[in-house]
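Analysis of the macromolecular model
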Amino acid sequence: MNDHEESPIYQWKFLSVPAVCNTRKSVSHAVIPPCDYFSNSKLMRLNRVAVLEFPHLGIPWLFEPFRDRYIQELKLKNFEYKLFPHIEKALEQALGGPEYFRVGTWETAPYLHHINFECLLDEKNKPLTVPPHGEYKVPPNAKKIAILLLAGHSFCHDGVRPTGHTQIRIRHLKILGYEVAQIIRDDWYHIPYHSRKNGLQKQVRYLQRKILKIGQHGDGKNKKSTLSGNGSWRKKFCQKY
């Protein structure tokens with residue numbers, strides 16, 4: 001084994017402060033379009049992984065000054081919310097009112113990980129009021145719940161396994177102190193189509209099951225997805241709701 005293999009830091013030398021700074025400097029002076037989303041997003045994701053998953057390396061977060069430019073690009077690509085009709089109305093009933101959750105914005109997205117909705121639960125699993133804008137202090141023993149709306153592009157071609165980007169997004173939000181409730185588009189669309197009269201009530205129960213169950217047990221017991229592409233799953237899902 002040579003000296004390079006003996007040192008674990010050598011494996012992450014490309015994530016060191018000088019390396020990341022030099023990479024960003026090189027890209028900023030390169031002749032590329034000012035809003036080259038593809039190129040910049042790769043560097044941003046690399047920087048984000050280094051900061052959140054390897055804090056002992058002391059890598060700085062370099063992309064905060066570029067947040068506004070990123071927001072313009074990301075807003076154009078963020079279409080999950082449009083694929084979930086009536087989600088906000090159902091959340092109001094599931095949590096008890098609009099003051100108990102807030103719609104996520106790119107301006108407050110932690111490390112540019114967008115959160116569609118955010119709520120707080122106390123130690124008794126009761127919703128707490130959340131300010132609609134800005135940062136806030138989390139009460140002791142309260143849980144921050146990130147509600148993610150996951151459409152088809154969040155999963156692999158089999159429709160079951162989440163993509164690597166989706167898994168990283170969830171893992172990073174957990175590192176940042178959130179517990180994650182995943183609202184699946186296929187599940188959401190499936191509810192009202194089989195019960196048009198009570199569709200909203202069933203959507204409310206679905207959200208309560210996803211959110212309040214996490215508040216009781218954490219999201220560790222929510223690992224098994226209800227997704228499946230076969231008809232047997234659809235039959236079981238109908239019976240459950």
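Residues numbered from 1 in each chain as written. Predicted model: local features only at pLDDT ≥ 70, side-chain atom pairs only at ≥ 80, totals over all residues. Heavy atoms only, no water.

Right, let's get into the confidence of the model for the chain. Here the chain averages 75 in pLDDT, and 66% of its residues register 70 or above. Counting interchain partners and residues more than four positions distant, the pLDDT-below-50 stretch residues 1–11 has 3 contacts. Segment residues 29–33 is flagged for pLDDT under 50; beyond a separation of four residues in sequence, or across chains, it makes 1 contact in the model. (pLDDT = per-residue confidence, 0-100. Contact = heavy atoms within 4.5 Å.)

What follows concerns the pattern of salt bridges. If you walk through the whole model with that rule in mind, you get 3 salt bridges. Across the pair Glu 53 and Arg 171 runs a salt bridge, and its minimum N-O distance is 2.8 Å. Note that Glu 53 is positioned in helix α3 (residues 37–53) and Arg 171 in helix α6 (residues 164–175), a separation of 118 residues in sequence. You can call Glu 53 partly exposed: its relative accessible area is 24%. (Salt bridge = Lys/Arg side-chain N within 4 Å of Asp/Glu carboxyl O. Helix = DSSP H or I, 4+ residues; strand = E, 2+ residues; numbered from the N terminus. Buried < 20%, exposed > 50% of the residue type's maximum accessible area, 1.4 Å probe, protein only.)

So, on to the pairing of strand β5 (residues 178–184). Of all 7 residues in β5, 6 are buried, a share of seventy percent or more. Viewed along the sheet, the connection from strand β4 (residues 143–150) through α6 into β5 turns out right-handed. (Right-handed = clockwise from strand over helix to strand, strands pointing away.)

Let us look at the nonpolar core. With 32 residues, the main nonpolar core has Ile 87, Leu 91, Ile 147, Ile 183, Leu 207 and Ile 211 as its most contacted residues. Where this core is concerned, the elements lending two or more residues are α5 (87–95), β2 (117–121), β4, α6, β5, α7 (185–193) and α8 (199–217). At 6 residues, β4 tops the list of elements feeding residues into this core. Leave out the neighbours within four places in its chain, and Ile 211 touches Leu 91, Leu 95, Cys 119, Leu 121, Ile 145, Ile 147 and Ala 181. By size, the runner-up hydrophobic cluster in this structure holds 10 residues, among which are Leu 43, Val 51, Leu 62 and Phe 63. (Core = buried A, V, L, I, M, F, W, Y, C linked by side-chain atoms within 4.5 Å.)

Moving on, we get to the pairing of β4. Taken across its 8 residues, β4 has 7 buried, putting it largely inside the fold. For β2 and β4, the ladder comprises 5 bridges, and the chain directions are antiparallel. From the neighbouring strand, Leu 121 faces β4, where its bridge partner is Lys 143. Sheet topology note: the β4/β5 ladder contains 7 bridges and is parallel. Bridged to Leu 148 within β5 is Gln 182. (Pairing = 2+ DSSP bridges.)

Right, let's get into the packing of aromatic side chains. One pass over the structure, following the stated rule, counts 4 aromatic pairs. On the numbers, 5.9 Å between centres and 45° between planes, the contact of Trp 61 with Phe 63 is tilted. Taking the relative accessible area as the measure of exposure, Phe 63 reaches 2% and is therefore buried. Three or more aromatic residues joined by ring pairs make a cluster, and in this case those are Trp 61, Phe 63 and Tyr 111. One Lys or Arg, Lys 144, reaches over the ring of Tyr 178 and ends 4.1 Å from the middle of that ring. (Phe/Tyr/Trp six-rings, centres within 6.5 Å; stacked < 30°, edge-to-face > 60°. Lys NZ or Arg CZ within 6 Å of the ring centre and 35° of its normal.)

Moving on, we get to α5. Given 3.6 residues per helical turn, the α-helix brings residues three or four places apart onto the same face. Every buried residue of α5 is accounted for by Ile 87, Ala 90, Leu 91, Ala 94 and Leu 95. Here the buried residues of α5 occupy an arc of 115° about the axis, which is enough to place them on one side. Just downstream of α5, Gly 96 is the residue with a positive phi angle, here 105°. (Arc of directions from axis to C-beta.)

Among the secondary structure elements, Asn 125 is positioned in the loop between β2 and β3 (127–128). Overall, the relative accessible area of 13% leaves Asn 125 in the buried class. There is a polar contact of 3.0 Å between the side chain of Asn 125 and the backbone oxygen of Leu 212. (Polar contact = N/O pair within 3.5 Å; in protein donor to acceptor, adjacent residues only side chain to side chain.)

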